[in-house]
Amino acid sequence: MTEPQKLFKQFQGVSKGAWVEQITKDLKGADFDRKARTRTADGLTLEPFYQTSDLATTAHETAQALSSSSDWQVRQDIQHSSLKTAAQLIQAAVANGVTAIGLSAQLHGQACRGLPIQMASDLETLLSGCTKETSVHLDAGLAGPLWLSFLCVSKNNKSFNISNLLGSLEYDPLAEILRGHAAESDWPQLKRELAELLQADLGLSPECKRFAVDGRVFHEAGATLVEELALILAQAHELLVSLQEEGVTLQNIVGQMKFKVAVGAQYFREIAKLRALRLLWGQIVSVYDEAASVIEVPIAAQTSTWNMSLYDPHVNMLRATTEVMS
């Protein structure tokens with residue numbers, strides 16, 4: 001392989017001191033600390049710029065915080081109330097290069113908003129336009145296990161086995177309790193059912209993830225980045241401990257889970273949040289089993305909804321763009 005090309009090598013590097021000197025000059029006597037540094041709601045102080053030299057004093061492990069996989073997927077979530085229209089939207093999305101489809105339905109009060117999937121044939125109708133390369137993800141709240149059972153029924157369809165397409169079941173009973181869709185007293189039964197789901201032989205792809213740690217509920221409730229990370233990790237750890245108590249092995253739990261998080265408009269800080277999530281989760285798992293800590297857990301990142309404007313779709317597009325880039 002050839003050496004990577006160094007861009008702008010004709011320009012001399014600028015030291016950190018030189019940058020600070022120029023910024024101080026441009027501030028024309030204003031206080032550098034007050035004008036140039038940013039203090040977040042979490043108590044963090046952000047410098048106006050950073051250089052490679054700053055990494056020497058930063059406690060992090062880049063190799064552990066970043067995934068070695070570059071298998072990115074571009075996903076379109078579908079939640080239309082008409083199965084026919086939803087099937088057309090899925091077909092168009094796949095034709096336009098989407099590599100993953102999310103089938104979504106959520107409770108809103110006593111009503112269910114999203115795809116009205118009632119039987120296995122509904123799933124077959126929806127996904128008839130998918131290719132073998134399309135990854136399908138089910139995000140249906142408490143109805144998730146029911147939808148998964150429909151997929152298992154579809155295995156008997158020799159002409160169209162959609163169980164092979166399943167990428168994940170984004171089912172998190174703890175998140176549903178937090179949203180008010182289930183009572184706290186339901187948790188013992190819900191965790192037993194989740195343990196049975198993880199141990200059942202359903203004939204799905206080994207790469208399929210059967211549950212998710214859904215951290216979107218914290219972001220949409222207004223948590224800061226540090227609060228969001230702390231709550232997501234606490235939720236993940238609770239699931240880890242509870243499922244082991246139900247007899248599920250640590251390797252089985254970590255190997256069948258994923259994270260689902262919301263991404264806000266703070267571009268660089270959201271990047272740091274996703275990296276920190278990988279790093280911190282690996283450290284938590286390593287306390288139980290060093291071997292399991294290296295299992296890569298995929299992250300499904302979704303653009304935020306609480307910061308969207310009702311009246312300016314163009315601003316929403318700009319915000320969503322930076323969130324997707326993060």
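Residues numbered from 1 in each chain as written. Predicted model: local features only at pLDDT ≥ 70, side-chain atom pairs only at ≥ 80, totals over all residues. Heavy atoms only, no water.

Caption draft 1: Spotlight on the overall build of the chain. Helices and strands together make up the secondary structure of the chain, namely 13 helices and ten strands. Residue burial in the chain is summarised as follows: out of 326 residues, 39% are buried. Summarising the internal contacts of the chain: among those between residues at least 6 apart in sequence, 72% fall at separations of at least 24. Total accessible area computed for the chain in this model is approximately 18,900 Å², and 56% of it derives from carbon and sulfur atoms. (Helix = DSSP H or I, 4+ residues; strand = E, 2+ residues; numbered from the N terminus. Buried < 20%, exposed > 50% of the residue type's maximum accessible area, 1.4 Å probe, protein only. Contact = heavy atoms within 4.5 Å. Areas by Shrake-Rupley, 256 points an atom, 1.4 Å probe, with all protein chains shown as cover.)

Caption draft 2: Looking closely at the packing of helix α10 (residues 225-245) against helix α12 (residues 267-288). Where α10 meets α12, the closest approach of the two axes is 10 Å, and the angle between their N-to-C directions is 30 degrees. One element, α10, and the other, α12, form an angle in the roughly parallel class. Our pair here, α10 against α12, has a crossing hand that is right-handed. Where α10 abuts α12, its residues Leu225, Glu228, Leu229, Ile232, Leu233, Ala236, His237, Leu240, Val241 and Gln244 lie against Arg269, Glu270, Lys273, Ala276, Leu277, Leu280, Trp281, Ile284 and Tyr288. When the residues that make up the contact of α10 with α12 are grouped by side-chain class, the tally is 13 nonpolar, two polar and four charged. (Axes fitted to C-alpha atoms, helices over the stretch in contact; angles between N-to-C directions. Parallel < 35°, antiparallel > 145°, perpendicular 65-115°, else oblique. Left-handed = near helix turned anticlockwise from the far one by under 90°. Nonpolar A, V, L, I, M, F, W, Y, C, P; charged D, E, K, R; others polar.)

Caption draft 3: View of the packing of aromatic side chains. Applying the stated rule across the entire model yields three aromatic pairs. Ring centres 5.6 Å apart and planes at 85 degrees place the aromatic pair Phe259 and Trp281 in the edge-to-face group. You can see Phe259 sitting in strand β9 (residues 257-263) and its partner Trp281 sitting in helix α12, a full 22 residues away along the chain. The pair Phe259 / Trp281 is uniform in exposure class, with both members buried. For the pair Tyr267 and Phe268, a centre-to-centre distance of 4.7 Å together with 65 degrees between the ring planes defines the contact as edge-to-face. (Phe/Tyr/Trp six-rings, centres within 6.5 Å; stacked < 30°, edge-to-face > 60°.)

Caption draft 4: Main features of unusual backbone geometry. Although it is not a glycine, Lys28 sits at a positive phi angle of roughly 55 degrees. Structurally, Lys28 is set in the loop between α1 (16-27) and α2 (32-36).

Caption draft 5: Examining α10 more closely. Given a rise of 1.5 Å per residue, 21 residues ought to cover 30 Å, and the 30 Å separating the end C-alpha atoms of α10 matches this to within 8%. Within α10, burial applies to Leu225, Glu228, Leu229, Ile232, Leu233, Gln235, Ala236, Leu239, Leu240, Ser242 and Leu243. Positive backbone phi, at 95 degrees, marks Gly247, one or two positions downstream of α10. (Expected span 1.5 Å × (residues − 1).)

Caption draft 6: Inspection of the sheet that holds β9 at higher detail. Taken together, three strands build an open sheet; the order of strands is β8-β9-β10 and the sheet is parallel. Each edge of the sheet is formed by a strand with only one pairing partner; in this case those strands are β8 (211-214) and β10 (299-303). Neighbour-to-neighbour, the strand axes of the sheet open up by a mean angle of 25 degrees, direction not taken into account. Sheet topology places β8 next to β9; four bridges connect them, and they run parallel. Bridging from a neighbouring strand, Phe211 pairs with Met257 of β9. Taken strand by strand, α10 contacts β8 and β9, and its axis lies near 145 degrees from that of β8. (Pairing = 2+ DSSP bridges.)

Caption draft 7: Representation of the environment of Ala230 in the model. Within the secondary structure, Ala230 sits in helix α10. Separated by 47 residues in the primary sequence, Ala230 and Leu277 have C-alpha atoms spaced 9.3 Å apart.

Caption draft 8: Quick peek at the nonpolar core. Counting residues in hydrophobic clusters, the biggest one holds 67 residues, and the most contacted among them are Ile90, Leu103, Ile117, Leu126, Trp147, Phe259 and Trp281. Element by element, the count of residues in this core is highest for α10, at seven residues. Once residues within four sequence positions are removed from consideration, Phe259 is found in contact with Val213, Ile232, Ala236, Leu277, Trp281, Val297, Pro298, Ile299 and Ala300. (Core = buried A, V, L, I, M, F, W, Y, C linked by side-chain atoms within 4.5 Å.)

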